[in-house]
Amino acid sequence: QFDHCLDKLPKKSMPVPPVYEPEVAADAVHWAAHHRRREVYVGIPSLYTILGNKVAPILAETYLAKTAVKGQQTSQPLPPDRPYNLFEPVSGDPGARGDFSSQAHRHSVQLWATKHRRGLLAGAVALGAGVAARLAAD
C-alpha cells in the first residue's frame, strides 16, 4: 500500500515500526476467528498503545500527536509522478511484499503468547507454587 496508494505527505510514507509480514496478520485473524476472540493484539507496541490509551488516554494522545505523522514517513522525498491507485489500479501486480519487507518480522511474540496463554498461565501458576513452597520450607 505504501508503494501505490495516493499519498499527500511531504516524504514517502511508511508503516509505523515494528513492521510485520502479512502472514502474521493473517495468522492472527485466522486464530481469532477459530477461537471466538473479538480482539487479538499483534506486537508488543500494539499492546502497550492500547492499554496505555485505556489507562491514561491523554498521555497516549499527546505522544501520538507529537510523533505519529513524522513516524510514518521516511527521509526520502515523495516522487511527484508516482502512480497511485485512487481511481484505477496501478499496472502490474504489486504482490504482498513492498519496500519494507526487509524490515518485517516473520513472527510476533505477542501473538504467540496470546495463542499459548493457557500454557503460559499454567506455567506461571506452577512457578509461583514452587517459589511459595520453597519459601515456606525455608
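Residues numbered from 1 in each chain as written. Predicted model: local features only at pLDDT ≥ 70, side-chain atom pairs only at ≥ 80, totals over all residues. Heavy atoms only, no water.

Right, let's talk about the packing of aromatic side chains for a bit. Applying the stated criterion across every chain yields a total of one aromatic pair. Centre to centre, the rings of F2 and F100 are 5.9 Å apart; their planes meet at 85 degrees, and the pair counts as edge-to-face. Of this pair, F2 sits in the segment before β1 (11–13) while F100 sits in the loop between β2 (73–77) and α4 (109–115), and the two are 98 residues apart along the sequence. You can call F2 partly exposed: its relative accessible area is 23%. Residue classification places F100 among the buried positions, given a relative accessible area of 11%. (Phe/Tyr/Trp six-rings, centres within 6.5 Å; stacked < 30°, edge-to-face > 60°. Helix = DSSP H or I, 4+ residues; strand = E, 2+ residues; numbered from the N terminus. Buried < 20%, exposed > 50% of the residue type's maximum accessible area, 1.4 Å probe, protein only.)

Here E39 lies in the loop between α1 (22–34) and α2 (44–55). On a C-alpha basis, the gap between E39 and A28 in space is 9.4 Å, while along the polypeptide they are 11 residues apart. Polar side-chain contacts of E39 include one of 3.3 Å to the side chain of Y41. (Polar contact = N/O pair within 3.5 Å; in protein donor to acceptor, adjacent residues only side chain to side chain.)

Here we take up unusual backbone geometry. The general pattern is negative phi for most residues beyond glycine and trans for most peptide bonds. Cis rather than trans, the peptide bond between P17 and P18 has omega equal to 0 degrees. For P18, the location among the structural elements is in the loop between β1 and α1. Unlike most non-glycine residues, R36 shows phi in positive territory, near 50 degrees. Tracing the sequence through the fold places R36 in the loop between α1 and α2.

Now for the environment of L86. When you line up the elements, L86 lands in the loop between β2 and α4. Using a relative accessible area of 48% as the deciding quantity, one classes L86 as partly exposed. A sequence separation of 79 residues divides L86 from D7, and the C-alpha atoms of the two residues are 9.9 Å apart.

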